[in-house]
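A structural walkthrough
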Amino acid sequence: MTIFRTNRMMSSDRTPERAILGGDGRWRLTWLPELGLTSDQAISGLRLDEILSDPALVYDRMALAEATTCADRIGIILELAMVRLWKRMSTAIALCGFVATRWGRLV
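Fair warning: this is a prediction, and the values are worked out from it, not measured in the lab.

Description of the sheet that holds strand β4 (residues 27–29)
Spatially, β1-β2-β3-β4-β5 is the arrangement adopted by the five strands of the open sheet, whose pairing is antiparallel. Here the strands that pair on one side only, and so sit at the sheet edges, are β1 (3–5) and β5 (32–37). Each strand of the sheet is rotated relative to its neighbour by a mean of 20 degrees, with strand direction disregarded. Looking at chain direction, strand β2 (residues 9–12) and strand β3 (residues 18–21) are connected through three bridges and run antiparallel. When the sheet's bridge partners are listed, M9 is paired in β3 with I20. Relative to the sheet, helix α1 (residues 39–52) contacts β1, β2, β3, β4 and β5, its axis offset from that of β2 by approximately 20 degrees.

Thoughts on the packing of α1 against helix α2 (residues 61–74)
At a minimum axis distance of 8 Å, the contact between α1 and α2 shows a crossing angle of 145 degrees. When you trace α1 past α2, the crossing you get is left-handed. Between α1 and α2, the residues in contact are Q41, S44, G45, R47, L48, I51 and L52 and A63, E66, A67, C70, A71, R73 and I74, respectively. Looking at the contact of α1 with α2 residue by residue, the classes come out as eight nonpolar, three polar and three charged.

The rules behind these values
Residues numbered from 1 in each chain as written. Predicted model: local features only at pLDDT ≥ 70, side-chain atom pairs only at ≥ 80, totals over all residues. Heavy atoms only, no water. Pairing = 2+ DSSP bridges. Helix = DSSP H or I, 4+ residues; strand = E, 2+ residues; numbered from the N terminus. Axes fitted to C-alpha atoms, helices over the stretch in contact; angles between N-to-C directions. Contact = heavy atoms within 4.5 Å. Left-handed = near helix turned anticlockwise from the far one by under 90°. Nonpolar A, V, L, I, M, F, W, Y, C, P; charged D, E, K, R; others polar.

Shown next, in the form of structure tokens:
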């Protein structure tokens, strides 16, 4: 799992979520935009997303402990992160289905 970073954006090689540097000098996660974060917190937020997005880690106690630590670093509870990321994923899946349905009708 790798986090890529430029001067204004951070991303992961495992998930579509990103962290974007705002004009106020705070980082914002795409899945938690209301929180202004430090660089280290943004990295923790992306790492948390990587852990929760990997089906192979569902029963990995060490990975869940790391996820809890990452959530603590950004100031939320693990369950909130799970719900937020699940909602983003389900919305993206629904949008893909809608686009595929519409596209299919146009062809």
